[in-house]
Amino acid sequence: MAEDSKTNAKDLPHSPGPAGGWGSMKGIARIYAETSASPGALESLRRLNKPKGVMCVSCAWPKPANYSAFEFCENGAKATLWELTGDRCTPAFFAEDGHTVTQLREWSDHELEKSGRLTHPMKYNAATDRYVAIEWDDAFAEIGATLRELPRDDVVFYASGHAGLEASYLYALLARAYGNNNLPQSSNMCHETTSVGLTKVIGSPVGTVTFDDLAETECYFYFGQNPGTNSPRFLHNLKDLKERGGKIVTFNPVIEQGLVSFVDPQNPLAMMTGKETIISDQYHQVKSGGDVAALLGLCKVVVEADDKAQKAGAREVIDHEFIAQHTTGFDDFIACCRDARWADIEQASGLTEAALRDAAQVYIEAEKVIGVYGMGFTQHTHGALNIAMLVNLLLLKGNIGRPGTGCCPVRGHSNVQGQRTVGIAEKAHLVPLDKLKELFDFDPPTKDGMHVVDAVQGLIDRKVRGFISLGGNLVRAVPDQKRMEEGWASQDLVVMVSTKLNRSHLYPGKQAYILPCLGRSEVDEQASGNQAVTSEDSFSMINGSVGHRPPASEHLKSELAIVTGIAKATLDPNPKLKWDAWTGDYALVRDLIEATYPDDFHDFNKRMFEAGGFWRGNPAAQRVWKTDSGKAVITTPPQLTSLGFEDRPGRYRLLTMRSNDQFNTTIYGYSDRFRGIEGTRDVVLMNPDDIAEAGLKDGDTVRLVSDYDGDTVERHLGGLKLVAYKLPRGTIAGYYPECNVLVPITHHDELSKTPASKSVPVRIEAA
Ligand SMILES: Nc1nc2c(c(=O)[nH]1)N[C@H]1C(S)=C(S)[C@@H](COP(=O)(O)OP(=O)(O)OC[C@H]3O[C@@H](n4cnc5c(=O)[nH]c(N)nc54)[C@H](O)[C@@H]3O)O[C@H]1N2
Ligand SMILES: Nc1nc2c(c(=O)[nH]1)N[C@H]1C(S)=C(S)[C@@H](COP(=O)(O)OP(=O)(O)OC[C@H]3O[C@@H](n4cnc5c(=O)[nH]c(N)nc54)[C@H](O)[C@@H]3O)O[C@H]1N2
Ligand SMILES: [Mo]
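- By the naming in an unreviewed UniProt entry, the protein chain goes by FdhF/YdeP family oxidoreductase and is assigned to Qipengyuania pelagi.

### Structural notes on the overall build of the protein chain
Then step 1. Each helix and strand counted, the protein chain has 31 helices and 34 strands in total.
Then step 2. Taken over the C-alpha trace, the protein chain has a radius of gyration of 25 Å; the compact-globule value for 767 residues is 27 Å, and the two agree within 12%.
Then step 3. Here the C-alpha coordinates of the protein chain stretch approximately 80 × 60 × 55 Å along the principal axes.
Then step 4. Counting only carbon and sulfur atoms, one obtains 51% of the accessible surface of the protein chain, whose full area is about 26500 Å².
Then step 5. Within the protein chain, the 99 negative side-chain charges are centred at a point lying 1 Å from the centre of the 81 positive side-chain charges.

### Observations concerning the site of ligand 1
Then step 1. Around ligand 1 sit 29 residues in total, of which N252, E256, D291, Q662 and N664 are the nearest.
Then step 2. Between ligand 1 and N75, the relevant distance is 3.4 Å, taken from a nitrogen atom to a side-chain nitrogen or oxygen of the residue.
Then step 3. At 2.7 Å, a side-chain N or O of R658 approaches an oxygen atom of ligand 1.
Then step 4. Isolated, ligand 1 exposes 920 Å² of accessible area, and the fraction of that covered by the protein chains is 99%.
Then step 5. Only α11 (227-230), α19 (375-378) and β26 (662-663) provide two or more residues apiece to the shell around ligand 1.
Then step 6. When the residues that make up the shell around ligand 1 are grouped by side-chain class, the tally is nine nonpolar, 16 polar and four charged.
Then step 7. Summarising the domain contributions, the shell around ligand 1 has at least three residues from each of domain 3 (192-410) and domain 4 (652-766).

### A short note on the nonpolar core
Then step 1. Core analysis: the biggest nonpolar cluster contains 62 residues, and Y169, Y171, L515 and I566 have the highest contact counts within it.
Then step 2. The element that contributes the greatest number of residues to this core is helix α8 (residues 165-178), accounting for ten residues.
Then step 3. Residues in contact with I566, not counting those within four places in the same chain, are F140, I143, L147, L174, I468, V495 and L515.
Then step 4. Core analysis: the second largest hydrophobic core is formed by 60 residues, V292, A359, A360 and V369 among them.

### Details of the site of ligand 2
Then step 1. Residues in close proximity to ligand 2 total 29 residues, the closest being E113, E559, T665, Y736 and N740.
Then step 2. Note that a nitrogen atom of ligand 2 is positioned 2.7 Å from one of the backbone N or O atoms of A477.
Then step 3. Isolated, ligand 2 exposes 930 Å² of accessible area, and the fraction of that covered by the protein chains is 95%.
Then step 4. By residue class, the composition of the shell around ligand 2 is eight nonpolar, 16 polar and five charged.
Then step 5. Mapping the shell around ligand 2 onto the domain boundaries places at least three of its residues in each of domain 2 (88-189 + 415-609) and domain 4 (652-766).

### Digging into the packing of helix α14 (residues 291-312) against helix α17 (residues 342-349)
Then step 1. The N-to-C vectors of α14 and α17 enclose an angle of 145°; their axes lie 8 Å apart at closest approach. In this structure, α14 meets α17 at a crossing whose hand is left-handed. Listed contacts from α17 to A293, A294, L296, G297, K300 and V301 of α14 are W342, I345, A348 and S349.
Then step 2. A breakdown of the residues in the contact of α14 with α17 according to their chemical character gives seven nonpolar, two polar and one charged.

### Quick word on the sheet that holds strand β16 (residues 466-470)
Then step 1. Reading across the sheet, the six strands line up as β6-β5-β18-β17-β16-β7 and stay open at both edges, with mixed pairing between neighbours. Either end of the sheet is taken by a strand with one partner, and the two such strands are β6 (130-133) and β7 (155-159). Direction aside, the axes of adjacent strands within the sheet are offset by 20° on average.

### Concerning helix α12 (residues 234-243)
Then step 1. When you tally the buried positions in α12, you get seven out of ten residues, the bulk of the element.
Then step 2. Taken from the residues just after α12, G245 is the one with a positive phi, measuring 90°.

### A short note on the UniProt feature "domain: Molybdopterin dinucleotide-binding" (unreviewed entry) in the protein chain
Then step 1. What UniProt calls "domain: Molybdopterin dinucleotide-binding" (unreviewed entry) maps, in this numbering, to residues 653-761.
Then step 2. Segment residues 653-761 splits into 6% helix and 36% strand. End C-alpha atoms: 5 Å apart.

### A look at the pattern of salt bridges
Then step 1. Tallied over the entire structure, the rule returns 49 salt bridges.
Then step 2. In this structure, the salt-bridge partner of R616 is E536, at a minimum N-O distance of 3.0 Å. Separated by 80 residues along the polypeptide, R616 in the loop between β23 (614-615) and β24 (632-633) and E536 in strand β21 (residues 532-536) bring together distant segments of the chain.
Then step 3. When its relative accessible area of 16% is taken as the criterion, R616 is described as buried.
Then step 4. Under the relative-accessibility criterion, E536 is labelled buried at 0%.
Then step 5. When the shortest N-O distance is used, the salt bridge between D707 and R651 registers 3.0 Å. Here the residue D707 occupies a position in the loop between β31 (701-706) and β32 (716-724), and R651 occupies one in the loop between β24 and β25 (652-657), the gap between them amounting to 56 residues.
Then step 6. Given a relative accessible area of 9%, D707 falls into the buried group.
Then step 7. Here the salt bridges share partners, and the residues they tie into one network are R648, R651, R703, D707, D709, R763 and E765.

### Examining unusual backbone geometry
Then step 1. Going from Y736 to P737, the amide bond is cis rather than trans, its omega being 5°.
Then step 2. Tracing the sequence through the fold places P737 in the loop between β33 (731-735) and β34 (760-766).
Then step 3. Even without a glycine there, the phi angle at K52 is positive, about 65°.
Then step 4. Mapped onto the elements of the fold, K52 is located in the loop between α2 (40-47) and α3 (74-83).

### Regarding the sheet that holds strand β11 (residues 277-278)
The strands that make up a sheet are held in pairs by hydrogen bonds between backbone atoms, and each pair lies either parallel or antiparallel.
Then step 1. Ordered by their spatial adjacency, three strands build an open sheet running β2-β10-β11, and the pairing between neighbours is mixed. The sheet is open, and its two borders are formed by β2 (19-20) and β11, each paired with just one other strand.
Then step 2. Where strand β10 (residues 261-263) meets β11, two bridges bridge the pair, whose relative direction is antiparallel. Note that in β11 the partner of F262 across the bridge is T277.

### A look at helix α9 (residues 192-202)
Then step 1. α9 sits mainly inside the fold: eight of its eleven residues count as buried.
Then step 2. All buried positions along α9 are accounted for by E192, T193, T194, S195, G197, L198, V201 and I202.
Then step 3. The secondary structure elements touched by the buried residues of α9 are β14 (369-373), α19, α20 (383-396), β15 (406-409), α21 (416-421) and β24.
Then step 4. Note on α9: the residue one or two positions beyond its end, G203, has a positive phi of about 75°.

### Quick word on the domain arrangement of the protein chain
Then step 1. Assigned domains within the protein chain: domain 1 (24-83), domain 2 (88-189 + 415-609), domain 3 (192-410) and domain 4 (652-766).
Then step 2. Computed over C-alpha atoms, the centres of domain 2 and domain 3 are 37 Å apart.
Then step 3. Counting residues at the interface gives eleven residues for domain 2 and eleven residues for domain 3.
Then step 4. Roughly 780 Å² of surface becomes buried between domain 2 and domain 3 when both sides are summed, with 50% attributable to carbon and sulfur atoms.
Then step 5. The tally of links between domain 2 and domain 3 comes to two salt bridges.

Conventions we followed
- Residues numbered from 1 in each chain as written.
- Chains lettered and ligands numbered in written order.
- Predicted model: local features only at pLDDT ≥ 70, side-chain atom pairs only at ≥ 80, totals over all residues.
- Heavy atoms only, no water.
- Helix = DSSP H or I, 4+ residues; strand = E, 2+ residues; numbered from the N terminus.
- Rg over C-alpha atoms; globule rule 2.2 N^0.38 Å.
- Areas by Shrake-Rupley, 256 points an atom, 1.4 Å probe, with all protein chains shown as cover.
- Lys, Arg positive; Asp, Glu negative; His and termini not counted.
- Charge placed at Lys NZ, Arg CZ, Asp CG, Glu CD.
- Near = heavy atom within 4 Å.
- Polar contact = N/O pair within 3.5 Å; in protein donor to acceptor, adjacent residues only side chain to side chain.
- Nonpolar A, V, L, I, M, F, W, Y, C, P; charged D, E, K, R; others polar.
- Domains from an automatic or database assignment.
- Core = buried A, V, L, I, M, F, W, Y, C linked by side-chain atoms within 4.5 Å.
- Buried < 20%, exposed > 50% of the residue type's maximum accessible area, 1.4 Å probe, protein only.
- Contact = heavy atoms within 4.5 Å.
- Axes fitted to C-alpha atoms, helices over the stretch in contact; angles between N-to-C directions.
- Left-handed = near helix turned anticlockwise from the far one by under 90°.
- Pairing = 2+ DSSP bridges.
- UniProt positions renumbered as here; feature names shortened; annotations may be inferred.
- Salt bridge = Lys/Arg side-chain N within 4 Å of Asp/Glu carboxyl O.
- Buried area = accessible area lost by both parts, 1.4 Å probe.

Written out as structure tokens, the structure reads:
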């Protein structure tokens, strides 16, 4: 490798300036103006992420116990304002000329949601091809009648990781009392690789760090997560580390502005002077799928340094005492490190030996290191191997289960982790079924249910006949979107619990309903008064949240009330299933959660408003390893990439990315200011040398074609503008969800079935 692969992150063609700063203030102001949110909405921002306030509806980044005056970020503010918009999508909207369901399919995702908050329960009328208003009781009765007729195994209960623990617990109970474990969740497309892969190696499905560790650490090794856009409050912790002299080493094919530099928008002096903090000391533009080799290279240098130290009688680099006491697999792994050839590591990672040696030196010198990762790790065919390799690096120096160290997967939706904790799980063994039987006097099903991938396959094969969606926009979020749309529309029953109109509403089955719900920032008045809900963040902290805003419409119901409404209309009466009492007082549901999970949730109702939340605990953080061997597992990699395919001429690795102007399938606008891409999302980013070699030019209109060997389905996406961009050769980038038509449903992580959306094999053609 001739050139040094380490990038001087400041020297970028598309770099528009630091993350945070005035740019973030302008971003908030633009959304405020565009959503016509009332001035009262700004009051909600002030209450965000504080005790007795609203827990942000955006990402799952934890809330500090010592909060500041404005404990929210640009994107949290955008998500909140988007929910508190003054726009309304009423029955009159659906009756307007040009608003049949077929016509609405021509609208963009942005336009659909921009129509505003849904105000009434709606039912699809096939004769007029329109949604029309329906009374709640009629909707529940009709849904219940159809559910009772459908074969139990053919109905899916999906949840996007948003609804609070109380509604989620009852939703899972509804599915099991109905008769199946078909409880897939958005994490099946997201951190399922962590749930399965991290459990395999350290016995924990979730991260091991807390805020105390962030305050104490000396160093982050940062892989495939984009804090500037997806967890901006993390930028404050990264900045704090830099200010106390710590180091950040980043691996990412794309230069992400939040990992380059940051101006703290909450610091008036920094705002006035534009004083930016440089975040990454080293930025390594690894190839998509190249992290296994990069991590092997880092470990190789650590092993080499330890050999040298031992020979010289100096202090050892590897923590041999920890390794002997706490791990298995060490000998095989260091043999693999010693045997690995630099030429192979360079080829597979796209990084030079010199760059990897620089990075490893930082790791060797730091006493306390945290490994961070996100979707850039989990969404690959061998995503679990990425995680295992990062764990290998951390274990070599005992960097798990010690203050200031640990493994930090950054979770997505605000309650995605918590929903799994309280029973939204398709795998039966993850749920205390005996407890459910004891509490509710029915026999919960023991057969595993469907993962999102199984559900999509079931839809494509026309085996899934009914779908309940607690939030989310599955038609747009999953791979193979074209085939999914057809399968979705052929169902007997589709029920969507939603706040905004989205594409999943526009492929109605034979019987389809949109059930509009309250947002988290709104008052949820029930028999015992305004209700609080709880959620669990990335650090396993549980927080209460209380809405203060008036509901967007008087016809809305809470998610919990909708779940119990469906349950009552569907299930045979059972005196132990007290749907009405639970709806009247959510504290009773928290008692049930405590009774089902006593270790995690003791004194739940008392502790839910502790500042910063209460910690559910994590054995791995105490060096108790709940693995098969009772030890942490050091993994010898069977291959050097996380890809499921070989390189060949003309084949590129497409990574699908998020812009700064979206939350998943919710598109706020068309400004990705961090990447300098404005006005459109229909782009492909590509290395200039790759563009030249392909005989194309910057600005050309091109088409991507799936180059997948797993099946013969044709998948393509045209009308994309080619943008010359600083990317590793062979890696190209486009936006999620637009690129989902190109991702095959069988192209997923081997262990967890998480779709491999960060390395999709494609060809590129002039349009
Ligand atoms: N504003 C906003 N906030 C969000 C979301 C949102 O859409 N908008 N979504 C929420 C959700 S559900 C989630 S899961 C999280 C997602 O947050 P992230 O985990 O940050 O997810 P992505 O932005 O998809 O991708 C992460 C990074 O991986 C990099 N990457 C791609 N391939 C590779 C690779 O092979 N190796 C390495 N090392 N890096 C790679 C990409 O360049 C990108 O910077 O954010 C949550 N927060
Ligand atoms: N190619 C590719 N595909 C991906 C990804 C990727 O990086 N690349 N990322 C994956 C990831 S990480 C995830 S998590 C999934 C996301 O998949 P989903 O969770 O299914 O999708 P979202 O876009 O988060 O859902 C948006 C909808 O949720 C509804 N909603 C918003 N707020 C509320 C609320 O308070 N209650 C209720 N009931 N509904 C509400 C609104 O109607 C809105 O239209 O997508 C996955 N798909
Ligand atoms: Mo996610």
